[in-house]
Amino acid sequence: YRLFKNVYGISPYQYLKQKRLEMAKIMLKKDNIPISQLAMEVGYSDIFTFSKAYKQHFGFPPSQRF
């Protein structure tokens, strides 16, 4: 844990969360799938947790497509 945090500057959980959200952003731009399905595909158990994390990370909800 300490080695990972020293190398990447964030915890393993935050790193994984960031990667999931980046993948979700790419999928939202590219694919036309429902947000609930996308949330499941990137590893979130429900749309509410996904939407909250997405909004915190990017500053706008996933429903506000590009």
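Since the structure is predicted, the reported quantities are computational estimates derived from the model, not experimental observations. (Residues numbered from 1 in each chain as written. Predicted model: local features only at pLDDT ≥ 70, side-chain atom pairs only at ≥ 80, totals over all residues. Heavy atoms only, no water.)

Colleague: What exactly am I supposed to notice about the packing of aromatic side chains here?
Modeller: Aromatic ring pairs are reported here in terms of the distance separating the ring centres and the angle at which the planes meet. Considering all chains together, one arrives at eight aromatic pairs under this definition. Each ring, one from Tyr54 and one from Phe60, has its centre 6.0 Å from the other, and the planes form 75 degrees; the classification is edge-to-face. Joined through ring pairs, the aromatic side chains of Tyr44, Phe50, Tyr54, Phe58 and Phe60 make up one cluster. The side chain of Arg20 reaches across the aromatic face of Tyr44, ending 5.9 Å from its centre. (Phe/Tyr/Trp six-rings, centres within 6.5 Å; stacked < 30°, edge-to-face > 60°. Lys NZ or Arg CZ within 6 Å of the ring centre and 35° of its normal.)

Colleague: I'm lost on the nonpolar core in this one. Help?
Modeller: Nonpolar side chains tend to gather and get buried jointly when the protein is soluble and globular. Grouped together as the largest cluster of nonpolar side chains are 14 residues, with contacts concentrated most on Leu21, Ala24, Leu38, Val42, Tyr44, Phe50 and Tyr54. Elements with a contribution of two residues or more to this core: α2 (12-30), α3 (35-41) and α4 (47-58). In this view, Ala24 contacts Leu38, Val42, Phe50 and Tyr54; residues no more than four positions away in its chain are not counted. (Core = buried A, V, L, I, M, F, W, Y, C linked by side-chain atoms within 4.5 Å. Buried < 20%, exposed > 50% of the residue type's maximum accessible area, 1.4 Å probe, protein only. Helix = DSSP H or I, 4+ residues; strand = E, 2+ residues; numbered from the N terminus. Contact = heavy atoms within 4.5 Å.)

Colleague: How should the packing of α2 against α4 be read in this particular structure?
Modeller: Two measures define how a pair of helices packs: the angle their axes make with one another and the distance between the axes. Two elements in contact, α2 and α4, have axes whose closest approach is 10 Å; the angle formed by their N-to-C orientations is 90 degrees. As judged from the angle between their axes, α2 and α4 are roughly perpendicular. Residue-level inspection shows Lys17, Gln18, Leu21, Glu22, Ala24, Lys25 and Leu28 of α2 in contact with α4, the latter providing Phe50, Ala53, Tyr54, Gln56, His57 and Phe58. (Axes fitted to C-alpha atoms, helices over the stretch in contact; angles between N-to-C directions. Parallel < 35°, antiparallel > 145°, perpendicular 65-115°, else oblique.)

Colleague: Looking at this structure, I do not really get the side chain of Ser11. What am I missing?
Modeller: With respect to the element layout, Ser11 can be found in the loop between α1 (2-8) and α2. A polar side-chain atom of Ser11 sits 3.1 Å from the main-chain amide nitrogen of Gln14. In this view, Ser11 contacts Tyr1, Phe4 and Lys5; residues no more than four positions away in its chain are not counted. (Polar contact = N/O pair within 3.5 Å; in protein donor to acceptor, adjacent residues only side chain to side chain.)

Function-wise, these values are silent; they only describe arrangement.
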